[in-house]
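Take a look at the letters that make up each chain.
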Amino acid sequence: MRYLILSDMHANLPALEAVLADAAHVGYDAVLVLGDLVGYGADPSAVLARTLALEPLGLIRGNHDKVCAGIEPATSFNDVARASIEWTAGVLSPAELRTLAELPMGPAQIPGGIEIAHGAPFDEDYYVFDTRDAGRALAAASARICLVGHTHLPAVFATGEISASAVAEDTIQLPATGGILANVGSVGQPRDGDPRAAYGILDLTQLTLALRRVNYDIALAQRRIIEAGLPEWLAERLAHGE
Ligand code: ZN
C-alpha cells in the first residue's frame, strides 16, 4: 500500500499540479492530506477543488484553513499571514468556506497503523522542530507511524536507531519497530532553503518513505500572488524556499 502524502499546499496551484504529475508517475494507492490547503497563495479555490477531487483517504485541517473558515481569530498570525487569510476568505464562496469549516480537526487514524496530524497529535497547532518535540508527539500518537506538517520542513524522527534527522530528497528505509514521526515538507511554500515543491510517498509494503522534490513554475505562482494584490514578500519567498 502506497500513500501519497500532501501537506501545506497553501493555495499554490502550480506547485500542487507539478507534485500530482510527479506522484502519478511514481504511483500511489491512497492520498493523505495534512492541512493548510489555503493561505499565502493566490489560488485557494482551485487548490481546494483539486485536493477534494483526489478523494483523500485522510484529510485534516490546518491552522490557516481554520482561521480562514472563521473558526478561530487570526490573533496568532503575523501581518502577512493575516492579510493573506483575509484576502482568501474574501475570494472563496460561502460553500467553499463551509467546506473549509467542515474539515476535521486532527489527529486522525488511517488504516495500516498511521496517524496524521497538522502540528502534533496532542495539539494541531504545535510545531514539531526537534527530537524533544518529536518524542512528545510520538508518546501522544496512537499509531506507530505519525505524519505531521505545519513547519514546512522535511524531517524524519524515529525511536531506536535513527535519533533525529533533517532530511533532503531521499528514500528512507524505515525501521520495522518503534515509533516513526515524519514531515514530508510543504507542497506550496517550502521553507528549508530548497524552493522546489515537497511531498512524500509512504510505502507500507517496502517500509520506505520517499521524500520527493519537484520543480514547478515558481514565476507563475509569483505572478498570481502579485496580480491578486497579496503582499509581495509572499511571492519573493517562493524563489528562495523560505
Ligand atoms: Zn502551513
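Caption draft 1: Representation of the coordination of the zinc ion in the model. The zinc ion binds to the protein through D8 (OD), H10 (NE2), D36 (OD) and H152 (NE2), with metal-donor distances spanning 2.1 to 2.3 Å. Mapping the donors of the zinc ion onto the primary sequence yields the spacing D-x1-H-x25-D-x115-H. Taken together, the residues H10 in the loop between β1 (2-6) and α1 (13-26) and D36 in the loop between β2 (30-33) and α2 (44-53) connect sequence positions 26 residues apart. Comparing H10 with D36, the two get one shared label, buried.

Caption draft 2: Structural view of the packing of α2 against helix α5 (residues 94-101). Contact geometry for α2 and α5: axes closest at 11 Å, N-to-C directions at 55°. One way to sum up the angle between α2 and α5 is to call them oblique. As for how α2 packs across α5, the hand of that crossing is left-handed. The residues of α5 that touch α2, namely those facing S45, L48 and L52, are E96, T99 and L100.

Caption draft 3: Quick look at the side chain of N12. Locating N12 in the fold gives a position in the loop between β1 and α1. The buried category is assigned to N12, whose relative accessible area is 3%. Polar contacts involving the side chain of N12 include one to the main-chain amide nitrogen of A15, which spans 3.1 Å. Contact partners of N12, with chain neighbours within four places excluded, come to V47, G188, Y216, A221 and L238.

Caption draft 4: Fine view of the layout of surface pockets. By volume, the largest pocket is sized at about 300 Å³. For the lining of the largest pocket, the leading source of residues is helix α3 (residues 63-68), giving 3 residues. Here the lining of the largest pocket is composed, by residue class, of 7 nonpolar, 8 polar and 5 charged.

Caption draft 5: Region of the structure containing the packing of helix α7 (residues 218-227) against helix α8 (residues 232-240). Where α7 meets α8, the closest approach of the two axes is 8 Å, and the angle between their N-to-C directions is 175°. As summarised for this structure, α7 and α8 are arranged roughly antiparallel, according to the angle between their axes. For the pair α7 and α8, contact is made by I218, A221, Q222, I225 and I226 and by E232, L234, A235, E236, L238 and A239, respectively. Residue classes in the contact of α7 with α8 are distributed as 8 nonpolar, 1 polar and 2 charged.

Caption draft 6: Region of interest: the nonpolar core. Counting residues in each nonpolar core, the largest one holds 42 residues, and the members touching the most others are L4, L6, M9, L37, V187, Y199 and Y216. Counting residues per element, this core draws most heavily on α1, at 6 residues. With residues up to four places along the chain from it excluded, the contact list for Y216 reads N12, P14, A15, A18, G188, P195, A197, A221 and L238. With 22 residues, the next largest nonpolar core counts A30, I114, I180 and L211 among its residues.

Caption draft 7: Expanded view of unusual backbone geometry. Across the junction of G106 and P107, the peptide omega takes the value 0°, indicating a cis bond. Mapped onto the elements of the fold, P107 is located in the loop between α5 and β4 (108-110). Of note in the backbone geometry, Y40 takes a positive phi value of approximately 80° without being a glycine. For Y40, the location among the structural elements is in the loop between β2 and α2. According to the relative accessible area criterion, Y40 is buried, its value standing at 9%.

Caption draft 8: Structural view of the packing of aromatic side chains. Counted according to the given criterion, the structure contains 2 aromatic pairs. Centroid distance F122 to Y126: 5.0 Å. Interplanar angle 55°. Geometry classified as tilted. The interplanar angle of 5° and the centroid separation of 5.8 Å between the aromatic rings of Y127 and F129 together place this pair among those described as stacked. Above the face of the Y126 ring, R136 is positioned so that its terminal group lies 5.1 Å from the ring centre. Above the ring of Y40, the side-chain terminus of R237 is found at 5.8 Å from the ring centroid.

Each value, and the rule that gives it
Residues numbered from 1 in each chain as written. Predicted model: local features only at pLDDT ≥ 70, side-chain atom pairs only at ≥ 80, totals over all residues. Heavy atoms only, no water. Donors = N, O, S within 2.8 Å, 3.2 Å for Na, K, Ca; no water. Helix = DSSP H or I, 4+ residues; strand = E, 2+ residues; numbered from the N terminus. Buried < 20%, exposed > 50% of the residue type's maximum accessible area, 1.4 Å probe, protein only. Axes fitted to C-alpha atoms, helices over the stretch in contact; angles between N-to-C directions. Parallel < 35°, antiparallel > 145°, perpendicular 65-115°, else oblique. Left-handed = near helix turned anticlockwise from the far one by under 90°. Contact = heavy atoms within 4.5 Å. Polar contact = N/O pair within 3.5 Å; in protein donor to acceptor, adjacent residues only side chain to side chain. 1 Å grid on protein atoms, 1.4 Å probe; cavity = no way out; pocket = protein on both sides within 12 Å on 5 of 7 lines; lining within 4 Å. Points joined across faces, edges and corners; volume = space filled by probe spheres on them. Nonpolar A, V, L, I, M, F, W, Y, C, P; charged D, E, K, R; others polar. Core = buried A, V, L, I, M, F, W, Y, C linked by side-chain atoms within 4.5 Å. Phe/Tyr/Trp six-rings, centres within 6.5 Å; stacked < 30°, edge-to-face > 60°. Lys NZ or Arg CZ within 6 Å of the ring centre and 35° of its normal.

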